[in-house]
Amino acid sequence: MDNTTTVDHVEYEVEDYTGPAGTTAGRLGVWILISSEITIFAGLLGSYILFRIFHPEWSEESAHLNIVLGTINTILLLSSNFFMMKAASAVEQGNQKKSAKLMLLTIALGLAFLVVKGFEYAAEFSHGEFPSTSTFWSFYFLLTGLHGTHILGGLIAIGILWAHAKNDNLGELKGRVALTGLYWSFVEVVWIFLFPLLYLLREGVAK
Amino acid sequence: MNITTSKSNHELVYIALVILALVTVGASFLHLAGNENVYLIFGLATIQCLLVAFQYMGLKLEGVMVYGLVIVPLILFAILVFLCIPDISHYPLNLKL
Amino acid sequence: MSQEHHQGFFTKYIFSTDHKMVAKQFLLLALSMAVIGGFYAFLIRWELAYPNQPAPFFGVVTPDKYNAIITLHGTIMLFFVGMPLLNAFPSNFLVPLMIGARDMAFPRLNMASFWMTLLAAGLLVSSFFVPGGPVAGGWTGYAPLSASSEYTGVKMGMVLWIISLALVFIASSLGGINYLVTVVTMRAKGMTYSRVPITVWFLLAAALTFFLAVGPVLAGAFMLLMDNVFGTGFFLPGKGGEPLLWQHLFWFFGHPEVYVLFFPTLGFCLDIFAVFCRKPIFGQKLIIGSTVVAIALSFVVWAHHMFQTGMNPTLVTPFAITTILISVPFAIIYVCMFLTIRNGSISLEPPMLWALGFLATFLVGGLTGIFLGAAGADIYLHGTYFVVAHFHYTMFPSVFFGGYAAVNYWYPKMFGRMLNRMAATIHFVLTFIFFNCVFWPLFIVGMGGMVRRIADPSFYPQYSPFVHLNIFATISAMCLIATQTIFLWNFFYSMKNGKVAELNPYHANTLEWLAQSPPPHGNWGPKLPVVTSGPYEYSKPGETEDWHTQAPSYKGEAIHG
């Protein structure tokens, strides 16, 4: 890290700053964003849990979810996250083209997740299961929909970084690969809890 | 030492996560008594989450401030859910209109 | 070494990433929206005093229009005046300057934050003109009224309101990220945490409280949006939903939100007291400790807004206890403020007048909150004008007394000119008098049982004793609104015609006063200031001057030679 910071394309020296060593400004910023996102999903998941305790009969409706597709999606997202971590390491080692390939894999797996989700939605609609059908389905579509938009946003960010990395052109954006990876891991963590809450508390499992 | 310069064990973590995910799905097919099933499933999910947080997200290398940023929202989540349970979840309001 | 590069009109004024310009943009937005919010206040008071008579510049305020107007008045004043004026504008302007940085950590994110807020304001204003009219569910948007258009006929207006609020919440969270990261990573050499001025601490406390609290209400907003647009039943009992869940989610945010609006004003007043009494702040550590306790408690008091909703009665006692408890840290802060002023060399410049006025009026608001927090008394007082008077005696001082204090105090640094002192003093005196004349009577009519959110009091014979008080409040309100034109005139006129300000007209210690007025792009000369002391070295025994700047070695060269 060099000794200057840039404000509006004008360079200034940073030796005069007393920030802590280690956590950079970007990384702290992403953690604060994650902190705020935890509260949003906490509100949604908390509401779902509150309803769920009061409605044990939702376990019947939960049984209508396709657990095979859900498990496949879990593995897809896990793998996508793994490749993003490798991509961040590749950038740190200076190999931008390798990281571009890994980011492409990340995007492909993320897109596959969305495609599988799309199939699930289509199947659910064809069975007459819409958001307005019952409160369980309302929560299901809202939770997975919001999670899906977060995936989409992440894919766009990774796409932009890929476009630069494949031409060895990351420049100032180098640090952003690890930061996007941090965000991507958070999206993964949300799914780790979303999946059991929606799919796995089926008939005969939870009272 | 920061997240990108520490020796990476991404592969090991990945394999552990996949195994845990499959075990969690399998656990949902067991028919344990009462609430044990729920505890087991969410215990496994928590372990997965901690693995991702500490290894992939680098939480083990971060300082007090980042730990605080993660722990405080979780405490708030607990407050919201536990204080609303008497009202939303257990209040005997049987309005099936 | 660096040369300031030439900025075109659009880069300098419109699409600026410079934190000072973004701050001024937020300030202008706040003032513009305050005009609209104030107009609505006039319409509300008109209808209450002269029911069903055509209001000037508007016409008859029918009940459904009244509902829309009170909703928009609340939404605008809290989120489009309060938050820009107390959080966005001061944090943007002051944080980098007070810690000796050149700009925010993420300047482009800062600009995005402003444009999102502007877009949100535009969406809200556009909702006045859509079919079905604007949102009319109260600023609190209680379900099921707000969850389905079948009750009010308002659909598009409600959707626009929800989206507008979601945008402004996200924009404020992004701003908060900026302020926090800037303070952690960009403090100048020697600016340790203990030397950071308390204004910055309170602005950070507000930002932190905001982004920790906003999650559940955003979640609720998505659910409410789905109820309105997709026919889901999150909050509709007929579809298996739970209306009280909306209230829990909303107030879980809503209560910390009022502290988000209160903390910055506390910070301004403390710094202003130190400067205009030439004394260090009394009990700085005690104040910060109390603030931390208050923030923690603020997350477990929310259901005191819901005592009368029919929620589980078991919850009432715990929340009443925490509500009474939270008055303790604030009382401690209040005592510290009084002890800061005590024995000081007080000079009654306009910023000091506003700070003192805040102390006096907020005290009334804080004390009357105790009546409402005691759940037994709340049975009678809930939903009456007592509540309206209480929250106006807390919010108006926080937003306007605090906002005017900040603008009056930092105006010389922002624009290089002084505000007209006579006009500013008259503005304060008249605002103080008329504010009390509007809202004190509302305590009385509230205790008399007059309920809020009704358009036509003459419809209820039991309210006929209150007619004269209502008319008195209305006339005072019209005078209060008219008085603000003095400020608007002063603000814009002095920008070009005010007395040219010296660098540090109030002889304050904090770093921002060392920069030029207004500070150039990049804030400081080629070298950043080096901090060697804390911000409250006033009237130190043994020194010749009664103040001691934080960075005495800073020479203040212009950024380009």
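Check the entry above for the structure.
Residues take numbers from 1 onward in each chain, read along the sequence in its written order. Chains carry letters and ligands carry numbers; both start at the beginning, A for chains and 1 for ligands, and go up in the order they are written. Only residues with pLDDT of at least 70 are given local features in this predicted model, and only at 80 or more are side-chain atom pairs given and counted; all residues enter the totals for whole chains, interfaces and linings.

### What about the overall build of chain B?
Next, step 1: Tallying secondary structure elements over chain B gives three helices and zero strands in all.
Next, step 2: Think of it this way: any DSSP run of H or I at least four residues long counts as a helix, any run of E at least two long counts as a strand, and we number them from the N terminus. When the helices and strands of chain B are placed in sequence order, the string is α-α-α.
Next, step 3: Counting the 97 residues in chain B, one finds 29% classified as buried.
Next, step 4: In chain B, once contacts between residues fewer than 6 apart in sequence are set aside, the share between residues at least 24 apart is 53%. Whether a residue is buried, exposed or partly exposed is read from the other C-beta atoms within 10 Å of its own C-beta, which are placed from the backbone; 20 or more gives buried, 12 or fewer gives exposed, and intermediate counts give partly exposed. Residues are defined as contacting one another if the C-beta atoms placed from their backbone atoms lie within 7 Å.

### Here we look at the overall build of chain A
Next, step 1: The helix and strand inventory of chain A stands at six helices and two strands.
Next, step 2: N-terminal to C-terminal, the α/β element order of chain A is β-β-α-α-α-α-α-α.
Next, step 3: Each of the 207 residues in chain A was classed as buried or not, and the buried ones make up 50%.
Next, step 4: Contacts in chain A between residues at least 24 apart in sequence constitute 77% of all its contacts with a sequence separation of at least 6.

### Section: the interface of chain A and chain C
Next, step 1: On the side of chain C, 42 residues touch chain A, which itself brings 31 residues to the contact.
Next, step 2: Of all elements in the fold, only β2 (10-13), α1 (25-54) and α5 (135-165) of chain A reach the threshold of two or more residues within the side of chain A that touches chain C.
Next, step 3: In terms of residue count, the dominant contributor to the side of chain A that touches chain C is α1 of chain A (13 residues).
Next, step 4: Residue composition of the side of chain A that touches chain C, grouped by class: 16 nonpolar, 12 polar and three charged. Classes in brief: Ala, Val, Leu, Ile, Met, Phe, Trp, Tyr, Cys and Pro nonpolar; Asp, Glu, Lys and Arg charged; the others, Gly included, polar.

### Things to note about the packing of helix α9 (residues 284-298) of chain C against helix α10 (residues 316-341) of chain C
All names here are of chain C.
Next, step 1: Viewed as axis vectors pointing N to C, α9 and α10 meet at an angle of 160°, and their least axial separation amounts to 9 Å. In terms of axis orientation, α9 runs roughly antiparallel to α10. The interaxial crossing formed by α9 with α10 has left-handed handedness. Touching Leu286, Ile287, Ser290, Val293, Ala294, Leu297 and Ser298 of α9 are Thr322, Leu325, Ile326, Pro329, Phe330, Ile332, Ile333 and Cys336, all from α10.
Next, step 2: Each residue belonging to the contact of α9 with α10 can be placed in one class, and the counts come to 12 nonpolar, three polar and no charged. Between N-to-C directions, angles span 0 to 180 degrees; the directions come from axes that are lines fitted to C-alpha atoms, helices contributing only their stretch in contact. Angle categories: roughly parallel below 35 degrees, roughly antiparallel above 145, roughly perpendicular from 65 to 115, and oblique for all the rest. Each crossing gets its hand from how the near helix is turned against the far one by less than a right angle, where anticlockwise is left-handed and clockwise is right-handed.

### Let's talk about the interface of chain A and chain B
Next, step 1: Listed by partner, the interface residues are 40 residues for chain A and 42 residues for chain B.
Next, step 2: Mapped onto the side of chain A that touches chain B, the elements with two or more residues apiece are α1, α3 (67-92) and α6 (174-200) of chain A.
Next, step 3: When residues in the side of chain A that touches chain B are grouped by element, the largest group, 12 residues, is from α3 of chain A.
Next, step 4: Looking at the side of chain A that touches chain B residue by residue, the classes come out as 24 nonpolar, 11 polar and five charged.

### What about the packing of α5 of chain A against α6 of chain A?
Residue and element names in this part refer to chain A.
Next, step 1: Axis separation between α5 and α6 bottoms out at 10 Å; the angle between their running directions is 160°. Comparing the axis directions of α5 and α6 gives the class roughly antiparallel. As for the relative orientation of α5 and α6, their crossing is left-handed in sense. In this structure, α5 uses Tyr140, Leu143, His147, His150, Ile151, Gly154, Ala157, Ile158 and Leu161 to contact α6, whose residues at the interface are Arg176, Val177, Thr180, Tyr183, Trp184, Val187, Val190, Trp191, Leu194 and Leu198.
Next, step 2: Here the contact of α5 with α6 is composed, by residue class, of 14 nonpolar, four polar and one charged.

### Brief notes about helix α15 (residues 467-497) of chain C
Residues and elements named next belong to chain C.
Next, step 1: Given the number of residues in a helix, its expected span is that number minus one, multiplied by 1.5 Å. Counted at 1.5 Å a residue, the expected span for α15 with its 31 residues is 45 Å, and the 45 Å between its end C-alpha atoms agrees.
Next, step 2: Among all positions in α15, only Asn470, Ala473, Thr474, Ser476, Ala477, Leu480, Phe487, Asn490, Phe491 and Ser494 are buried.
Next, step 3: Packing partners of the buried residues in α15 comprise α2 (19-49), α13 (385-415) and α14 (421-447).

### Things to note about the environment of Phe77 of chain B
Next, step 1: By the secondary structure assignment, Phe77 of chain B is in helix α3 (residues 64-89).
Next, step 2: Among the residues examined, Phe77 of chain B registers 20 C-beta atoms within 10 Å and is labelled buried.
Next, step 3: Once the C-alpha coordinates of Phe77 of chain B and Ala27 of chain B are considered, the two residues, 50 residues apart in sequence, prove to be 26 Å apart.
Next, step 4: Contacts of Phe77 of chain B, omitting those with residues within four sequence positions, involve Ala42 and Gly46 of chain A.

### Notes on unusual backbone geometry
All names here are of chain C.
Next, step 1: Cis peptide bonds are those with omega within 30 degrees of zero, and the linkage from Ala143 to Pro144 qualifies with 0°.
Next, step 2: Tracing the sequence through the fold places Pro144 in the loop between α4 (107-126) and α5 (149-152).
Next, step 3: A cis geometry characterises the amide bond from Ser517 onward to Pro518, with omega recorded as -10°.
Next, step 4: Here Pro518 is to be found in the segment after α15.
Next, step 5: Non-glycine residue Asn343 carries a positive phi angle of around 65°.
Next, step 6: Backbone geometry places Ser539, a non-glycine residue, at a positive phi of 50°.
Next, step 7: Along the chain, the position of Ser539 falls in the segment after α15.

### Considering the environment of Trp58 of chain A
Residue and element names in this part refer to chain A.
Next, step 1: Secondary-structure assignment places Trp58 in helix α2 (residues 58-62).
Next, step 2: Classification of Trp58 as buried rests on a count of 24 C-beta atoms within 10 Å.
Next, step 3: Residues Trp58 and Thr144 lie 86 residues apart in sequence; the distance between their C-alpha atoms is 17 Å.
Next, step 4: Beyond its immediate chain neighbours, meaning those up to four positions away, Trp58 contacts Arg52 and Phe136.

### A short note on the environment of Pro256 of chain C
Residues and elements named next belong to chain C.
Next, step 1: Here Pro256 lies in helix α8 (residues 243-277).
Next, step 2: The class of Pro256 is buried, set by 24 C-beta atoms lying within 10 Å.
Next, step 3: Along the primary structure Pro256 and Ser298 are separated by 42 residues, whereas in three dimensions their C-alpha atoms are 5.5 Å apart.
Next, step 4: When sequence neighbours within four positions are dropped, the list of residues in contact with Pro256 reads Thr209, Ala213, Ser298 and Phe299.

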